[in-house]
Amino acid sequence: MSNERPRGLKLLAAAVRNRKLGIMLAFGFAAGLPYALLLGTLYAWLSEAKVDLETMGVFSLIGLAYAFKFLWSPVIDRVRLPGLERLGRRRGWLVLAQALIGAILIILSQLDPKSALGWFSLLAGIGAFASATQDIVIDAWRVDVADDIATLDLLSTVYQLGYRVASLAGGALALVLAARIGWPNVYFLFGVAMLLVLVATFLAPDTPRPLDSEGPSELRQAGAIVPRLRAWALAIVSALWCWALTTVLVFMVRSLGAESEARPDPTIFIRTYGPLIVVATVIVPAIIAAVLEKFRHSGRHILTETVSDGGGIGRVLDHGYSALILPLGELVGRLRWATILVLALILSYRITDSIWGPFAYPFYLGELGYTNDEVAVASKFFGVGMTMLGITLSAVLFAWIGRMATVVFGAVIAAASNLLYADLASGGAGLDVFGQYSGFYSLCSLFGADDRLARLMLAISGENIAGGIAGAAFVAYLSAMTSRQYSAVQYALLSSLTFLVGSLGRAALGEGIERVGYAQIFYITAAIGGVAVFLSILEWARERRVTQAS
């Protein structure tokens, strides 16, 4: 280990000078900015424009584009864009998505959200769809271009830094600017900023698209699953994916276009259809892929000789199979039974953060009685800074102790950070002892913060540093689990699972807070985080065994 540490730090120093990291920083900013502007800051503009709360609640449904982005990830991975394909496999899609986002932000700046609410909501929805598409491509690009210098771990860390900078710019900075130059000018400036990111996109290296002969033709060679069985499997999986995509699109259209009394309840939709969509698009296809993989290894239902491609219909079926089933088949075939452990870890690793997010402001403002200004200072400016510190520390930890050790450490401190909020909800006695004896409260007093505000800043700093480390570790782990051949589909699938599970658990968490209070809920979420710690340790042990065996 003593020889590995200096080598890891030398690689870290070399990577800092790598061009890919600068481009990754710009891509992280491009990913975080539209998310902040369309799913956060936009509501401040709508509130200022006197748009009613119910309509603002409907606007939040555009966030479903991020939750279900894996539904169109096969298109992003396989379709060639006319005229843009020459830019590269990933760059063509990035240019389209980023240009569309920038243009939409500029157009929104010219509209009145009160008088042109229909157009405003339509454009915001298209912008969210383009932003989610950009996320798919950026995640795939990160996996594709990683090498021994610009490693997945460092690229993931830099991406998180860029994303957090964008969150700060699209959140706190946007609020400050809006008070001085107005919301239309703010959105115009950030639209221009998105268009400037295109410079980094044109400079970004790209990876060649696999030749068609490397994909579908292999499905017709000896040892591959017979075409008839593949056709049945594709028919089942396609029907499930079409149902899921149609269900989401119909719900969004009904929600954004119907009168208030006819709008469907989003909580009921997520609670009812969320699990069904995960089962239809992930669980069932994974089972089908596992069964086919078992047939192939056992020599059942396989071709004994190479056959023709079957003409146009045969090629279409092969492409569909490659897009929808092979990504899961590759994952299951590579991980085998460990797929269950990996999926369980992904589902549980960030669940405490994703569930807790919507209740943060009610906790700070309603339960604890802090003012808007105090919360803005503690959570936006100070809190984002602590998150970026945590992300920076994760880069050092990757080089010092390795990826999986950082994943385990991130899970431990993320779970433990919930205890800080439990103490805060109970009066903050433990935080006060640490804050006074460590000198943190004295340091905060130099900037005009009393002990009460310093207590909130201390809790937020601990939680955000832990979240920064855990978040960067999680992105690096997901990237490592993704095959370069199917990077867009696999990463979109895996990363969406956490978002969906967090959404499904929020109703139960809200009911729990009403019943037992915030303090007890934080102890429960800390215990849930303990599950992720246990699974992280098991996954670390599994990866060590695989490494030693190879």
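Residues numbered from 1 in each chain as written. Predicted model: local features only at pLDDT ≥ 70, side-chain atom pairs only at ≥ 80, totals over all residues. Heavy atoms only, no water.

## Examining the overall build of the protein
Rule in force here: Numbering of helices and strands starts at the N terminus; helices are DSSP runs of H or I of at least 4 residues and strands are runs of E of at least 2. Between buried and exposed lies partly exposed: a residue is buried under 20% and exposed over 50% of the maximum accessible area for its type, with that area taken using a 1.4 Å probe on protein chains only. The contact criterion used is simple: two residues touch if any of their non-hydrogen atoms lie within 4.5 Å. Using a 1.4 Å probe, the Shrake-Rupley method yields the accessible areas, and only the shown protein chains count as cover for residues.
Along the protein, the regular secondary structure elements total 23 helices and zero strands. The buried share among the 550 residues of the protein stands at 54%. The contacts in the protein between residues at least 6 apart in sequence include a share of 84% that link residues at least 24 apart. As displayed, the protein offers around 24,100 Å² of accessible surface, 66% of which is attributable to carbon and sulfur atoms.

## A few points about a nonpolar patch on the surface
For clarity, the threshold we go by: The patches described consist of residues with a relative accessible area above 30% and no salt bridge, like charges being joined within 9 Å and nonpolar side chains (Val, Leu, Ile, Met, Phe, Trp, Tyr) within 5 Å. Note on definitions: salt bridges are taken to be side-chain nitrogens of Lys or Arg within 4 Å of carboxyl oxygens of Asp or Glu.
Together, Ile181, Phe188, Leu189, Val192 and Leu196 make up a nonpolar patch on the protein surface, roughly 420 Å² of accessible area in all. The element best represented in the nonpolar patch is helix H9 (residues 183–203), accounting for four residues. By the element assignment, isoleucine 181 lies in helix H8 (residues 152–181).

## Focus: the packing of helix H6 (residues 91–108) against H9
Rule in force here: Lines fitted to C-alpha atoms define the axes, with helix axes restricted to the stretch in contact, and inter-axis angles between N-to-C directions lie between 0 and 180 degrees. The cut-offs work like this: below 35 degrees is roughly parallel, past 145 is roughly antiparallel, 65 to 115 is roughly perpendicular, and the gaps in between are oblique. By definition, any crossing whose near helix is turned counterclockwise from its far helix by less than a right angle is left-handed, and any crossing with a clockwise turn is right-handed. Under the convention adopted here, Pro, Cys and the residues Ala, Val, Leu, Ile, Met, Phe, Trp and Tyr are nonpolar, Asp, Glu, Lys and Arg are charged, and Gly plus all remaining residues are polar.
Two numbers describe how H6 lies on H9: the axes approach to 7 Å, and their chain directions differ by 165°. The pairing of H6 with H9 is recorded here as roughly antiparallel in orientation. Viewed along their axes, H6 and H9 form a crossing whose handedness is left-handed. On H9, the residues touching Arg91, Leu94, Val95, Gln98, Ala99, Ile101, Gly102, Ala103, Leu105 and Ile106 of H6 are Tyr187, Phe188, Phe190, Gly191, Val192, Met194, Leu195, Val197, Leu198, Thr201 and Phe202. Classifying every residue of the contact of H6 with H9 gives 16 nonpolar, four polar and one charged.

## Here we look at helix H17 (residues 372–401)
Let me state the cut-off plainly: Here a helix's expected span is defined as the number of its residues, less one, multiplied by 1.5 Å. To get the bend at a given residue, fit one axis to the seven residues ending there, fit another to the seven starting there, and take the angle between those axes.
Over its 30 residues, H17 runs 40 Å from end to end, which matches the ideal 44 Å to within 8%, given 1.5 Å per residue. Along H17, the largest kink reaches about 40° and is centred on glycine 383.

## A closer look at the packing of aromatic side chains
Selection criterion: In this analysis, rings of Phe, Tyr and Trp, with Trp reduced to its six-membered ring, are considered paired at centre separations within 6.5 Å, and the interplanar angle assigns stacked below 30 degrees, edge-to-face beyond 60, and tilted for intermediate values.
According to the stated counting rule, one finds 18 aromatic pairs in the structure shown. Taken together, a centroid distance of 4.8 Å and an interplanar angle of 80° make the contact between tyrosine 35 and tyrosine 66 edge-to-face. Here tyrosine 35 is found in helix H2 (residues 19–48), whereas its partner tyrosine 66 is found in helix H4 (residues 64–67), with 31 residues between them in sequence. Its relative accessible area of 29% is what places tyrosine 35 among the partly exposed residues.

## Some remarks on unusual backbone geometry
We note that histidine 301 has phi near 55°; this positive angle belongs to a residue other than glycine. Mapping histidine 301 onto the fold places it in the loop between helix H11 (266–298) and helix H12 (311–324). Residue classification places histidine 301 among the partly exposed residues on the basis of a relative accessible area of 41%. A positive phi is found at arginine 336, a non-glycine position, where the angle reads about 55°. In this structure, arginine 336 sits in the loop between helix H13 (326–335) and helix H14 (338–349).

## Looking at the environment of threonine 406
Along the chain, threonine 406 falls in helix H18 (residues 403–425). Spatially, the C-alpha atom of threonine 406 lies 9.9 Å from that of serine 536, the residues being 130 residues apart in sequence. Sequence-distant contacts of threonine 406, defined by excluding residues within four places in its chain, comprise Tyr349, Leu397, Phe398, Ile401, Ile469 and Ala473.

## Notes on the nonpolar core
Convention followed: Note on terminology: a nonpolar core comprises buried Ala, Val, Leu, Ile, Met, Phe, Trp, Tyr and Cys residues joined through side-chain atoms within 4.5 Å.
Of all hydrophobic cores here, the largest spans 121 residues; its most connected members are Ile325 and Tyr349. It is H2 that provides the largest number of residues to this core, a total of 14 residues. Residue contacts for isoleucine 325: discarding those within four places in its chain leaves Ala233, Leu234, Val237, Ala289, Leu292 and Gly320. Among the nonpolar cores identified, the runner-up in size contains 30 residues, and Tyr441, Ala454, Ala459 and Ile521 belong to it.

## Things to note about the packing of H8 against H17
Closest axis-to-axis distance for the H8/H17 pair is 9 Å, and the angle between their directions is 175°. Taken together, the axes of H8 and H17 are roughly antiparallel relative to one another. For the pair H8 and H17, contact is made by Asp153, Leu154, Thr157, Gln160, Leu161, Arg164, Val165, Leu168, Ala172 and Val176 and by Lys380, Phe381, Val384, Thr387, Met388, Ile391, Thr392, Ser394, Ala395 and Phe398, respectively. The class makeup of the residues in the contact of H8 with H17 is twelve nonpolar, five polar and three charged.

## A short note on the pattern of salt bridges
What the rule picks out here adds up to twelve salt bridges. A salt bridge links aspartate 77 to arginine 89, with the shortest nitrogen-to-oxygen separation between them at 3.2 Å. Residue aspartate 77 is located in helix H5 (residues 73–78), and its partner arginine 89 is located in the loop between H5 and H6; the two are separated by twelve residues in the primary sequence. Of the charged contacts in the structure, one is a salt bridge between arginine 455 and aspartate 432, with a shortest N-O distance of 2.9 Å. Taken as a pair, arginine 455 in helix H21 (residues 451–481) and aspartate 432 in helix H19 (residues 429–438) lie far apart in primary sequence, 23 residues in all.

## Some details on the side chain of arginine 142
Spelled out, the test is: We call two N or O atoms a polar contact when they sit within 3.5 Å, provided that within protein one can donate a hydrogen and the other can accept it, with sequence-adjacent residues counted only if both atoms are side-chain atoms.
Inspection of the secondary structure assignment puts arginine 142 in helix H7 (residues 117–145). Among the polar contacts listed, one links the side chain of arginine 142 to the side chain of tyrosine 491, at a separation of 3.1 Å. Not counting chain neighbours up to four residues away, the residues in contact with arginine 142 comprise Met24, Leu152, Leu155, Ser156, Tyr159, Val475, Ser479 and Tyr491.

## Structural notes on the environment of glycine 32
With respect to the element layout, glycine 32 can be found in helix H2. With a relative accessible area of 1%, glycine 32 lands in the buried category. Separated by 132 residues in the primary sequence, glycine 32 and arginine 164 place their C-alpha atoms 6.9 Å from one another. For glycine 32, the residues in contact, after removing those within four places along its chain, are Tyr163 and Ala166.

## A closer look at H9
Given a rise of 1.5 Å per residue, 21 residues ought to cover 30 Å, and the 32 Å separating the end C-alpha atoms of H9 matches this to within 8%. Regarding H9, the residues found buried are Trp183, Val186, Tyr187, Phe190, Gly191, Ala193, Met194, Val197, Leu198, Ala200 and Thr201.

## As for the side chain of asparagine 418
In this fold, asparagine 418 is placed in helix H18. When its relative accessible area of 7% is taken as the criterion, asparagine 418 is described as buried. Reaching out from asparagine 418, the side chain makes a polar contact with the side chain of threonine 525 at a distance of 2.8 Å. When residues no more than four places from it in sequence are discounted, the contact partners of asparagine 418 are Thr352, Phe522, Thr525 and Ala526.

## Topic: the environment of leucine 189
Tracing the backbone through its elements, the reader meets leucine 189 in helix H9. In the structure, leucine 189 is positioned 15 residues away from alanine 174 in sequence and 9.9 Å away in space, judged by C-alpha atoms.

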